[in-house]
Amino acid sequence: MTSVTKMWPILTATHQYDKSLSTRNRGVGQIIEAPILAYLIETKNGRILYDVGCDYNKINDPTLRNRYYNPEVFEFGAPDMNPEQRLPNQLKRMGLTEADIDVIFLSHLHFDHAGGLCDLCGAEVHIQADELAAANTEKDLAYFDNEVVAQKSWVVKEGEYDLTLGVSAISSPGHTAGHMSLWVEMPKGPPIILAGDAADLIENIKDEIAPGNCWQNQTELAIESIRKIKKLAHNEKADLWPNHDIVFWKTLKQFPDFHS
Ligand SMILES: [Zn+2]
């Protein structure tokens, strides 16, 4: 039984970076283009967004861009994001506003997953206690300070739980301290596991390669999480979706088309 009716993968931006950021110690010197995605999940009990992409202003305002994406510290620079890709504008295409989103569930607090929060007030924002603590204390260039501090609607969670019938939070730490994947049981097709950055690419899943950045360099923890979600997918005959794989993303329904 599931309360899920539809799911839309939404392209919020694209980012070019060294492949070794996705596959640890593999692909150094090879630049890849990665989609930055959000997923809108419609259920009979409300709408959930899994991740919200980047803060548009930090990419497009020259002063902010220089502060947050200065190539001297941020080697691969800013992602590409146009105004139409801001989530409120994409929701508008569907006749929705930010008020129609009930829950924002963040995989983790990196800039390309949590930055768009500033465009979406109102919904409660689910985050793990471990993730919030790490983002507030640890040196990780991919956490942008004010995105963590400014947010006031946190619903702080510990461990796995059901968001609603057919949608469950799955713990997959390693890339970050409190990283979460999401189980989505579809009304018609097989269940879908949104890996988040536990697995950027198909290659991470296939070859069990850790992401480039691992929390406190705990590569093994990241690999364990990949094995965990792979096993779950296998046992439950679910599809496991990597998060930053442009070739894989092109095989998905293109917005505003949806999965059901
Ligand atoms: Zn990340």
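Provided above is the structure to which this section pertains.
What this report covers is the structure whose coordinates are included nearby. In this text, all values refer to a predicted model and were calculated from it rather than measured experimentally.

This next bit is on the overall build of the chain. A tally of helices and strands in the chain yields nine helices and eleven strands. A globule of 260 residues ought to have a C-alpha radius of gyration of about 18 Å, and the chain, at 17 Å, matches this closely. In terms of its C-alpha atoms, the chain occupies a principal-axis envelope of roughly 50 × 40 × 35 Å. When the 260 residues of the chain are sorted by exposure, 45% land in the buried category. The contacts in the chain between residues at least 6 apart in sequence include a share of 68% that link residues at least 24 apart.

So, on to the nonpolar core. Counting residues in hydrophobic clusters, the biggest one holds 68 residues, and the most contacted among them are Tyr-39, Ile-104 and Leu-182. Here this core gets eight residues from one element, more than from any other, and that element is strand S2 (residues 31-43). Excluding its chain neighbours within four sequence positions, the residues that come into contact with Tyr-39 are Met-7, Trp-8, Pro-9, Ile-10, Tyr-50, Asp-51 and Leu-194.

Since there are 3.6 residues in each turn of an α-helix, residues three or four apart along the chain are aligned in direction. Looking only at helix H5 (residues 129-137), the buried set comprises Asp-130, Glu-131, Ala-134 and Ala-135. End-on view of H5: buried residues confined to an arc of 125°, all on one side of the axis. Projecting away from the buried face of H5 at angles above 90 degrees are the exposed residues Asn-136 and Thr-137.

So, on to the sheet that holds strand S4 (residues 103-105). Strand-to-strand pairing in sheets goes through backbone hydrogen bonds, with the strands running parallel or antiparallel. Read across the open sheet, the six strands follow the order S1-S2-S3-S4-S5-S6; overall the sheet is mixed. A strand with exactly one partner marks an edge of an open sheet, and here the two such strands are strand S1 (4-18) and strand S6 (154-157). Across the sheet, the mean angle from the axis of one strand to that of its neighbour is 25°, orientation sign disregarded.

Moving on to the sheet that holds strand S11 (residues 239-241). Here we have five strands laid out as an open sheet, ordered S7-S8-S9-S10-S11, and mixed in their pairing. Looking at which strands have only one partner, the edges of the open sheet turn out to be strand S7 (161-164) and S11. Looking at each pair of strands side by side, their axes are set apart by 25° on average, direction ignored. As judged from the three bridges shared by strand S10 (residues 192-194) and S11, these two strands associate in the parallel manner. Looking at the pairing, Leu-194 lines up with Trp-241 of S11. Against the sheet, helix H8 (residues 219-236) contacts strand S8 (167-171), strand S9 (180-184), S10 and S11, and its axis sits at roughly 150° relative to S11.

This part covers unusual backbone geometry. For the bond running from Phe-255 to Pro-256, omega is 5°, close enough to zero to count as cis. Positionally, Pro-256 belongs in the segment after helix H9 (246-249). Residue Asn-217 is not a glycine yet carries a positive backbone phi of 55°. Among the secondary structure elements, Asn-217 is positioned in the loop between helix H7 (202-206) and H8. In this structure Asn-217 comes out as exposed when scored by C-beta crowding, with 11 C-beta atoms within 10 Å.

What counts and how
- Residues numbered from 1 in each chain as written.
- Predicted model: local features only at pLDDT ≥ 70, side-chain atom pairs only at ≥ 80, totals over all residues.
- Helix = DSSP H or I, 4+ residues; strand = E, 2+ residues; numbered from the N terminus.
- Rg over C-alpha atoms; globule rule 2.2 N^0.38 Å.
- Buried ≥ 20, exposed ≤ 12 C-beta atoms within 10 Å, placed from the backbone.
- Contact = placed C-beta atoms within 7 Å.
- Core = buried A, V, L, I, M, F, W, Y, C linked by C-beta atoms within 7 Å.
- Arc of directions from axis to C-beta.
- Pairing = 2+ DSSP bridges.
- Axes fitted to C-alpha atoms, helices over the stretch in contact; angles between N-to-C directions.

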